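# Results of the structural survey
One letter stands for each residue in the lines below.
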Amino acid sequence: MSEQHQNLAIIGHVDHGKSTLVGRLLYETGSVPEHVIEQHREEAEEKGKGGFEFAYVMDNLAEERERGVTIDIAHQEFSTDEYDFTIVDCPGHRDFVKNMITGASQADNAVLVVAADDGVAPQTQEHVFLARTLGIDELIIGINKMDVVDYKEDTYNDVVEEVTQLLKQVQFDTDDASFIPISAFEGDNIAEASDNTPWYDGEILLEALNALPEPEPPTDASLRLPIQDVYTISGIGTVPVGRIETGVMNVGDDVVFQPSDVGGEVKTIEMHHEEVPKAEPGDNVGFNVRGIGKDDIRRGDVCGPADDPPKVAETFQAQVVVMQHPSVITAGYTPVFHAHTSQVACTIESIDKKMDPSSGEVAEENPDFIQSGDAAVVTIRPQKPLSIEPSSEIPELGSFAIRDMGQTIAAGKVLEVNE
Ligand code: GDP
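Residues numbered from 1 in each chain as written. Predicted model: local features only at pLDDT ≥ 70, side-chain atom pairs only at ≥ 80, totals over all residues. Heavy atoms only, no water.

With that settled, the discussion passes to the overall build of the chain. For the chain, the count of helices and strands is seven helices and 24 strands. A burial count over the chain gives 51% of its 419 residues as buried. Summing over all exposed atoms, the chain offers an accessible surface of approximately 19,300 Å²; the carbon and sulfur share of this is 44%. (Helix = DSSP H or I, 4+ residues; strand = E, 2+ residues; numbered from the N terminus. Buried < 20%, exposed > 50% of the residue type's maximum accessible area, 1.4 Å probe, protein only. Areas by Shrake-Rupley, 256 points an atom, 1.4 Å probe, with all protein chains shown as cover.)

Now the structure itself:
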């Protein structure tokens, strides 16, 4: 086991092979318990089937997915020489977008899966776009299903070119991207260099994963715990639950919930059904605060220290990038904003500046509208109280997505909060 931890997102268009790649990585790194494999080996031998271990991993993943009622992201773990990886699997496209935005996934780096026989598809574009906006540092691009295209070098090069164009379009630094021809299904160039691609002498996938940069250390910002749900548990009382994004919570701390604007002393903290004296970033906790009842707080509240409470925005300024909008966005537009665990309708009060996508410089002051592909600085007024933070201070609570008509139409980062 290594010391360093990485949250890895597997992104890409539906059916391009994300789940198969997750299964392959778990299998190749031996992250499936031996006794379980043994059991299935016997079963498979009886049935005269080959490739049983890998098939087992895939079955198991499918099962986890079906159970996905309570856990909305399936966490899988594997270790390489350099890192312990937690895979933030992105089975359904909608889940991924939501998780990326609400911070639930918090991926440091990502593997983009692009099927060689299909090339760049709509969700490839959307995921790359979100990865860039929401701060993925480095991308490994697995050009998958090479077996389907007979391991042809020309086809690989064409898809690499297509993806490179896409990265440039969203200003993702192509120096931070590496391309690998793979077959998740057959195992080519995953753990060992494949004989099927003699024309390729670059890194294989596990090497590329080992070579990822170390994630930035967690911010030493004060406690921020967005509330997912609020339960009433007999014998304990009101129990808000959520994941600590930054900071530490100790029993005895004085905390407040914003925007509900109530607070008290932390009486108990529970994690994995056990009481703990303290919890840290990444911990999913249920806790109990003296004097707080079920109707005092709600999903979307952020819990923080009483002496450094979460901000509540009267208005905020943000940088947004419009991904896909059928017409134009003008001042007065009021879509739903998704930030951490809250969903609040917000009005775009003014469009302050439009940026030049290639230089990042101001292209136009106070434009009348923005449209798909545009980046802009806008002023936003939430229609209900919203707790959000400048991304320069607490990046974990400083990003959001704008959804309308059932899709993500824009994503952004908070520049300034006016309380
Ligand atoms: P996801 O929707 O991106 O998670 O895609 P899946 O992993 O579910 O794969 C979709 C289909 O493509 C499945 O039938 C897989 O068996 C198949 N598939 C995935 N990777 C490969 C590959 O490398 N080669 C071949 N031939 N099929 C693959």
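The next subject is a nonpolar patch on the surface. A grouping of Tyr-231, Ile-233 and Ile-236 is seen on the molecular surface, where their side chains present a nonpolar patch of about 250 Å² in accessible area. Topologically, Ile-236 is positioned in the loop between β7 (225–233) and β8 (237–243). (Patch = residues over 30% accessible without salt bridge, like charges linked within 9 Å, V, L, I, M, F, W, Y side chains within 5 Å. Salt bridge = Lys/Arg side-chain N within 4 Å of Asp/Glu carboxyl O.)

Turning next to a negative patch on the surface. Side chains of Asp-117, Asp-118, Glu-153, Asp-154, Asp-158, Glu-161 and Glu-162 sit close together on the surface and give a patch of like negative charge. Inspection of the secondary structure assignment puts Asp-154 in helix α6 (residues 153–169). Its relative accessible area of 57% is what places Asp-154 among the exposed residues. (Lys, Arg positive; Asp, Glu negative; His and termini not counted. Charge placed at Lys NZ, Arg CZ, Asp CG, Glu CD.)

Turning to its location among the elements, Asp-176 is positioned in the loop between α6 and β6 (177–181). Classification of Asp-176 as partly exposed rests on a relative accessible area of 27%. Each C-alpha atom, one on Asp-176 and one on Glu-138, is 5.1 Å from the other, the two residues being 38 residues apart in sequence. Aside from chain neighbours lying at most four places away, what touches Asp-176 is Asp-137, Glu-138 and Leu-139. (Contact = heavy atoms within 4.5 Å.)

Looking at the secondary structure, you find Asp-352 in strand β19 (residues 342–355). Put simply, Asp-352 is tucked away with no salt bridge, and the nearest opposite charge, on Lys-353, sits 7.2 Å away. A distance of 3.0 Å separates polar atoms of two side chains, one belonging to Asp-352 and the other to Gln-317. For Asp-352, the contacting residues outside a window of four places in its chain are Gln-317, Glu-364, Glu-365, Asn-366, Pro-367, Val-377, Val-378 and Thr-379. (Polar contact = N/O pair within 3.5 Å; in protein donor to acceptor, adjacent residues only side chain to side chain.)

Per-residue pLDDT for the chain averages 85, and the proportion of residues at 70 or more is 82%. Ignoring residues within four places in sequence, the model shows residues 67–74, a span with pLDDT below 50, making ten contacts including any to other chains. As scored by the predictor, the complex reaches a pTM of 0.68 and an ipTM of 0.99. (pLDDT = per-residue confidence, 0-100.)

Across all of its chains, the model carries eight aromatic pairs by this definition. Where Tyr-83 meets Phe-85, the ring centres are 5.7 Å apart and the plane angle is 70 degrees; that geometry is what we call edge-to-face. Summarising the burial analysis for this pair, Tyr-83 and Phe-85 share the class buried. Between Tyr-156 and Trp-199, the ring centres sit 5.3 Å apart and the planes meet at 40 degrees, which makes this aromatic pair tilted. Here the residue Tyr-156 occupies a position in helix α6, and Trp-199 occupies one in the loop between β6 and α7 (205–210), the gap between them amounting to 43 residues. Taking relative accessible area as the criterion, Tyr-156 reaches 6% and is therefore assigned buried. For Trp-199, a relative accessible area of 24% gives the class partly exposed. (Phe/Tyr/Trp six-rings, centres within 6.5 Å; stacked < 30°, edge-to-face > 60°.)

A separate point is the site of the ligand. Residues in contact with the ligand amount to 15 residues; listed here are only the nearest, Asp-15, Lys-18, Ser-19, Thr-20 and Asp-147. A distance of 3.0 Å is found between an oxygen atom of the ligand and a backbone nitrogen or oxygen belonging to Gly-17. One of the side-chain N or O atoms of Asp-147 is found 2.7 Å from a nitrogen atom in the ligand. Protein contact buries 74% of the 580 Å² of open area that the ligand shows by itself. Take the shell around the ligand: its biggest share by element is three residues, from helix α1 (residues 18–28). Considered class by class, the residues forming the shell around the ligand number four nonpolar, seven polar and four charged. (Near = heavy atom within 4 Å. Nonpolar A, V, L, I, M, F, W, Y, C, P; charged D, E, K, R; others polar.)

Counting along an α-helix, one turn takes 3.6 residues, and residues three or four places apart therefore face a common direction. Restricting attention to buried positions, one finds in α1 the residues Lys-18, Leu-21, Val-22, Gly-23, Arg-24, Leu-25 and Leu-26. Following α1 by one or two positions, Gly-30 has its phi on the positive side, about 65 degrees.

This part covers the side chain of His-325. With respect to the secondary-structure elements, His-325 resides in the loop between β17 (315–322) and β18 (336–339). Reaching out from His-325, the side chain makes a polar contact with the side chain of Tyr-333 at a distance of 3.4 Å. Beyond its immediate stretch of four places on either side in the chain, His-325 contacts Tyr-333, Ser-372, Met-405 and Ile-409.

With respect to the helices, strands and loops of the structure, Gln-76 is situated in strand β2 (residues 75–79). Here Gln-76 falls in the buried class, since its relative accessible area comes to 5%.

So, about the pattern of salt bridges. Taken as a whole and assessed by the stated rule, the structure comprises ten salt bridges. With a shortest N-O distance of 2.9 Å, Arg-224 and Glu-389 are connected by a salt bridge. Here Arg-224 is found in the loop between α7 and β7, whereas its partner Glu-389 is found in the loop between β22 (386–387) and β23 (399–404), with 165 residues between them in sequence. Comparing Arg-224 with Glu-389 shows no difference in burial state: the two are buried. The partner of Lys-278 in a salt bridge is Glu-280, and the shortest N-O contact between them spans 3.9 Å.

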